[in-house]
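Structural description and commentary
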Amino acid sequence: MWYELRRLQTGDLPEVTDIYNAACRDRESTQGTRPWSVAEMNQFVFALRPSFVSYTCIRNGNVIGWAALTPHHINEGVRHTAEMSLFVQGAFRRKGVGSALAHAVLSQQSTANLHCILAMTFADAPHVISFAERKCSLSVAGCLPGAFSDKGNNYDILVLQRLIVP
């Protein structure tokens, strides 16, 4: 394989944050448009709502993509619901990196004792929706019309879901 998958480590956070911030600049993240600091990424993945599982994809010692299953909310009713985040550097897309990362995190769903996995994407991103359906077995569960605002424009966000039957 031309890349290596491994668990995300704190030392990966600067590169993980750079990849995430590039996605924000390109309106590919439904989390927001403001760049995050490494400390904020640490809070997201490890501290505030520690991830159930997170992986990085490494090529020549550099992080080229990452994925995580993080708690959707911190309350008793949805403690077995995870939100999936997956980001790949532009130059490495459509080369199997996203599929490998998705498989790595989704294969841990039973270990994490999950019953539902959610993901959110923009309704105007058919390639992301297709990937989520084909590679992650997620299906569209609903739409949040105009829920994302950027530079005076409002965008619809699709909620995708995968229920896990025990």
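The present account deals with the structure reproduced in this document. (Residues numbered from 1 in each chain as written. Predicted model: local features only at pLDDT ≥ 70, side-chain atom pairs only at ≥ 80, totals over all residues. Heavy atoms only, no water.)

Focus on the packing of aromatic side chains
A full pass over the atoms with the stated rule returns eight aromatic pairs. The interplanar angle of 75° and the centroid separation of 6.2 Å between the aromatic rings of phenylalanine 122 and tyrosine 155 together place this pair among those described as edge-to-face. With a gap of 33 residues between them, phenylalanine 122 in strand S5 (residues 116–122) and tyrosine 155 in strand S7 (residues 153–163) connect regions that are remote in the sequence. Assigned by exposure class, phenylalanine 122 and tyrosine 155 land together as buried. The ring centre of phenylalanine 122 lies 4.5 Å from the NZ or CZ of arginine 27, which sits over that ring. The cationic tip of arginine 27 hangs over the ring face of tyrosine 155; the distance from NZ or CZ to the ring centre is 3.7 Å. (Phe/Tyr/Trp six-rings, centres within 6.5 Å; stacked < 30°, edge-to-face > 60°. Helix = DSSP H or I, 4+ residues; strand = E, 2+ residues; numbered from the N terminus. Buried < 20%, exposed > 50% of the residue type's maximum accessible area, 1.4 Å probe, protein only. Lys NZ or Arg CZ within 6 Å of the ring centre and 35° of its normal.)

So, the side chain of threonine 81
Inspection of the secondary structure assignment puts threonine 81 in strand S4 (residues 81–88). Polar contacts involving the side chain of threonine 81 include one to the side chain of histidine 115, which spans 3.4 Å. Residue contacts for threonine 81: discarding those within four places in its chain leaves Phe52, Thr70, Pro71, His72, Leu114, His115, Cys116 and Leu118. (Polar contact = N/O pair within 3.5 Å; in protein donor to acceptor, adjacent residues only side chain to side chain. Contact = heavy atoms within 4.5 Å.)

So, the packing of helix H1 (residues 13–25) against helix H2 (residues 38–47)
The geometry of H1 relative to H2 is characterised by a closest axis approach of 9 Å and an angle of 95° between their N-to-C directions. With respect to H2, the element H1 is oriented roughly perpendicular. Contacts between H1 and H2 involve Leu13, Pro14, Val16, Thr17 and Tyr20 from the former and Val38, Met41, Asn42 and Phe46 from the latter. Split by residue class, the contact of H1 with H2 holds seven nonpolar, two polar and no charged. (Axes fitted to C-alpha atoms, helices over the stretch in contact; angles between N-to-C directions. Parallel < 35°, antiparallel > 145°, perpendicular 65-115°, else oblique. Nonpolar A, V, L, I, M, F, W, Y, C, P; charged D, E, K, R; others polar.)

A look at the sheet that holds strand S1 (residues 4–7)
As summarised here, the arrangement of the seven strands in space is S1-S2-S3-S4-S5-S7-S6, forming an open sheet in which the pairing is mixed. At either margin of the open sheet sits one strand with a lone partner, and together these are S1 and strand S6 (139–150). Each strand of the sheet is rotated relative to its neighbour by a mean of 25°, with strand direction disregarded. Contacts between helix H3 (residues 97–106) and the sheet are confined to S1, strand S2 (53–59), strand S3 (62–71), S4, S5 and S7, with S4 contributing the most and set at about 155° to the helix. (Pairing = 2+ DSSP bridges.)

Notes on unusual backbone geometry
Positioned with a positive phi, arginine 94 is a non-glycine residue whose angle comes to about 60°. You can see arginine 94 is positioned in the loop between S4 and H3. For arginine 94, a relative accessible area of 71% gives the class exposed. Although it is not a glycine, lysine 151 sits at a positive phi angle of roughly 50°. Tracing the backbone shows lysine 151 in the loop between S6 and S7.

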